[in-house]
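Architecture and fold: a report
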Amino acid sequence: MYNNSERRKFDPAKFDSSKSANLFEWPFRLNFYDKSPWYEVSLEDFERYALDRLRVLAEIESSFARNRSWEELKSVTTRQCKDHLPLNSSSALTVDTQTERRNDHLGHFVLRLAFCRSEDLRRRFVKAETALFRVRYESDDTKERELFLQSRDFKWTEVNSEEKLQYASELKGLGIQQPEEGVPTTERLYKVRWTQVPDLVNKRRVLLKDGWAYVPSKEQLSIVLRAFEANLENALDSTARSIMRMDGDTRLTEILNHMSRGFVAGVASEYSGPATGDEIRADMVDDLAKRHFPLCMRNLHECLMRDRHLKHFGRLQYGLFLKVLGLSIDEAIAFWRKSFSNLTDDKFNKEYKYNIRHSFGLEGKRANYPAKSCQQILLSDKPGPSDCHGCPYRHFSPDNLQTSLLATYSSQGLTSTDLAEVMRTVKEGHYHVACTRVFEITHAAAGVKKGDGIGEGESVTHPNQYAAKSIEIEKAQQKDPMVVE
């Protein structure tokens, strides 16, 4: 990370374990992340805990793009945190809260390194982190939250009874009533400089006097969030100025570059097994494509059927998708041979069969290649004019995309009136959100509602994820005796 003269190495002989308890202790669930990690971590932990946090932040970013209400965002984020980023209050005696908080602390600082590199990344990171902080704040143990607030200087002063009586008539405009004449309200009020709460001033939710804002206790969170944002913005600016010293360490820069792309298409888990639980036969692919495939794979399939050929990256993207969907090596060879019907057997065997076997780990270094995630499709191997691979939501022109969407999904319920919402998310660069919305629309007849995503509000981050859920929904319908065909 640094040159040898600057690098400070950890010397166990000089380490005072009697001090470690205090240095490693995180007394509160809430954290402003003032102190950077000083402890050594493995490269595996460096990446793992950052990815866990990134999964949560990417879903928050998707929630903003999908115009979810705060309660919906809070519900989705809470589920994501439970799965990927658990952080319990100190009252949870059966949980190792210090380890949870250490991992949370580490993940935050790794992502700071990843998202400090441009103004846009910094802005989006601050917005997502602030939302995560608010979710945790609102769900925190009341007593612990109060102790956390007392531990920091938010530059507020609690308003005394004399001032409450002095401004009693003005406070009525904020809905703060006196119990009786001459008796001050019992509600807490905080006095801060108005520049600390510009959002409340804009919404007329505070009393302004001589440059001071009198903030009701119910609006206290606004002061805390503004302080969190300002603290993080300053920290990111400082990190951005220091990041150049890391550019020589390729191990870290590759990881950080990968992390910074997480907002583009979320963070997908790799798929390594059949999506349906059943083996897919070659003669089933055409029907499955029309009913269950996302637009990227549907486009590849239709190009293959039309041209009887796909270029290398198209074959790679589609072939790995079909493999993970459940197409065995024998069925894959049969499918591609039938699809390449304008080739002789000899040409097919010499030029294409080896690559099919290679993708299944039967040739070459015998690696079991996973299917490409949305992030990989979006950011690697950009398609040329005559290519069919890539993500249509990103790589098609707006007119071509709208035409393709209607031609592909009109039979599944997509109408021209739905296109405005889809195209808005495409224009904003939230391609996986657009794909998720198309999934919801085309599966509405099966009970999928807007905001459901592919389950529990989750966005699409992998083509096989899309296909697997679509097939699962169809199977559930077939088993339901109330469904009328």
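Structure: see above.
Residues numbered from 1 in each chain as written. Predicted model: local features only at pLDDT ≥ 70, side-chain atom pairs only at ≥ 80, totals over all residues. Heavy atoms only, no water.

**A short note on unusual backbone geometry**
Going by this rule: Each helix is a run of H or I in the DSSP string that is no shorter than four residues. Each strand is a run of E no shorter than two, and both are numbered from the N terminus. Under the scheme applied here, a residue whose accessible area is under 20% of the maximum for its type counts as buried, over 50% as exposed, and between as partly exposed, the area being computed with a 1.4 Å probe on protein chains only.
Although it is not a glycine, Tyr33 adopts a positive phi angle of roughly 55°. Within the element layout of this structure, Tyr33 appears in the loop between helix 1 (17-23) and helix 2 (43-65). Classification of Tyr33 as buried rests on a relative accessible area of 3%. Positive phi is not limited to glycine here, since Arg366 has a value of about 60°. Following the sequence through the fold, Arg366 ends up in the loop between helix 18 (353-359) and helix 19 (374-379). Residue Arg366 is classed as exposed on the basis of its relative accessible area of 55%.

**Regarding the pattern of salt bridges**
Any two side chains of opposite charge can pair if their charged atoms end up close together. Rule in force here: Salt bridges are defined as contacts in which a side-chain nitrogen from Lys or Arg sits within 4 Å of a carboxyl oxygen from Asp or Glu.
Applying the stated criterion across every chain yields a total of 40 salt bridges. Between Asp237 and Arg122 there is a salt bridge, and its shortest N-O distance comes to 3.7 Å. Linking Asp237 in helix 10 (residues 220-242) with Arg122 in helix 5 (residues 119-139), this pair joins segments that are 115 residues apart in sequence. Asp237 sits in the partly exposed class, given a relative accessible area of 34%. The residue Glu163 makes a salt bridge to Lys191 at a minimum N-O spacing of 3.3 Å. Of this pair, Glu163 sits in helix 7 (residues 161-166) while Lys191 sits in strand 2 (residues 189-193), and the two are 28 residues apart along the sequence. Residue Glu163 shares its accessibility class with Lys191, and that shared class is buried.

**Here we look at the packing of aromatic side chains**
Aromatic rings in a pair are described by how distant their centres are and how their planes are angled relative to each other. Rule in force here: The aromatic pairing rule takes the rings of Phe, Tyr and Trp, using the six-membered ring of Trp, and pairs them if the centres are within 6.5 Å, calling planes under 30 degrees apart stacked, those over 60 edge-to-face and the rest tilted.
Inspection of the entire model under this criterion finds 25 aromatic pairs. Consider the rings of Phe133 and Phe228, whose centres lie 4.6 Å apart with planes at 25°: the pair is stacked. Of this pair, Phe133 sits in helix 5 while Phe228 sits in helix 10, and the two are 95 residues apart along the sequence. For the pair Phe133 and Phe228, one class covers both residues: buried. With a centroid separation of 4.9 Å and an interplanar angle of 85°, the aromatic rings of Phe293 and Phe321 are classed as edge-to-face. Pair noted here: Phe293 is in the loop between helix 13 (285-292) and helix 14 (295-307) and Phe321 is in helix 15 (residues 312-325), with a separation of 28 residues, a long-range link. Residue Phe321 is classed as buried on the basis of its relative accessible area of 0%. Aromatic rings pair up to connect Phe28, Phe32, Phe133, Tyr137, Phe148, Phe154, Trp156, Tyr190 and Phe228 into one cluster.

**Considering the packing of helix 4 (residues 97-115) against helix 11 (residues 250-260)**
Counted only if it meets this: Note on definitions: angles span 0 to 180 degrees between N-to-C directions of axes, and those axes are lines fitted to C-alpha atoms, for helices only across the stretch in contact. Each angle gets one of four labels, with under 35 degrees taken as roughly parallel, over 145 as roughly antiparallel, 65 to 115 as roughly perpendicular, and the rest as oblique. Here, two residues are considered to be in contact whenever any of their heavy atoms come within 4.5 Å of each other. Residues were grouped as follows: Ala, Val, Leu, Ile, Met, Phe, Trp, Tyr, Cys and Pro as nonpolar; Asp, Glu, Lys and Arg as charged; and all remaining residues, including Gly, as polar.
The interhelical angle for the contact between helix 4 and helix 11, taken along N-to-C directions, is 85°, at an axis separation of 8 Å. When the axes of helix 4 and helix 11 are compared, the pair comes out roughly perpendicular. Contacts between helix 4 and helix 11 involve Val110, Leu111, Leu113, Ala114 and Phe115 from the first element and Leu256, Met259 and Ser260 from the second. The residue inventory of the contact of helix 4 with helix 11, partitioned by class, reads seven nonpolar, one polar and no charged.

**A closer look at the environment of Asp283**
Looking at the element boundaries, Asp283 is found in the loop between helix 12 (262-265) and helix 13. The exposure class assigned to Asp283 is exposed, which follows from its relative accessible area of 56%. Between the C-alpha atom of Asp283 and that of Phe335, which follows or precedes it by 52 residues, the distance is 7.4 Å.

**Topic: the environment of Leu111**
Here Leu111 lies in helix 4. Considering only alpha carbons, one finds Leu111 and Leu51, 60 residues apart in sequence, at a separation of 8.6 Å. Excluding anything up to four places from it in sequence, Leu111 contacts Ala50, Arg53, Leu54, Leu57, Phe125 and Met259.

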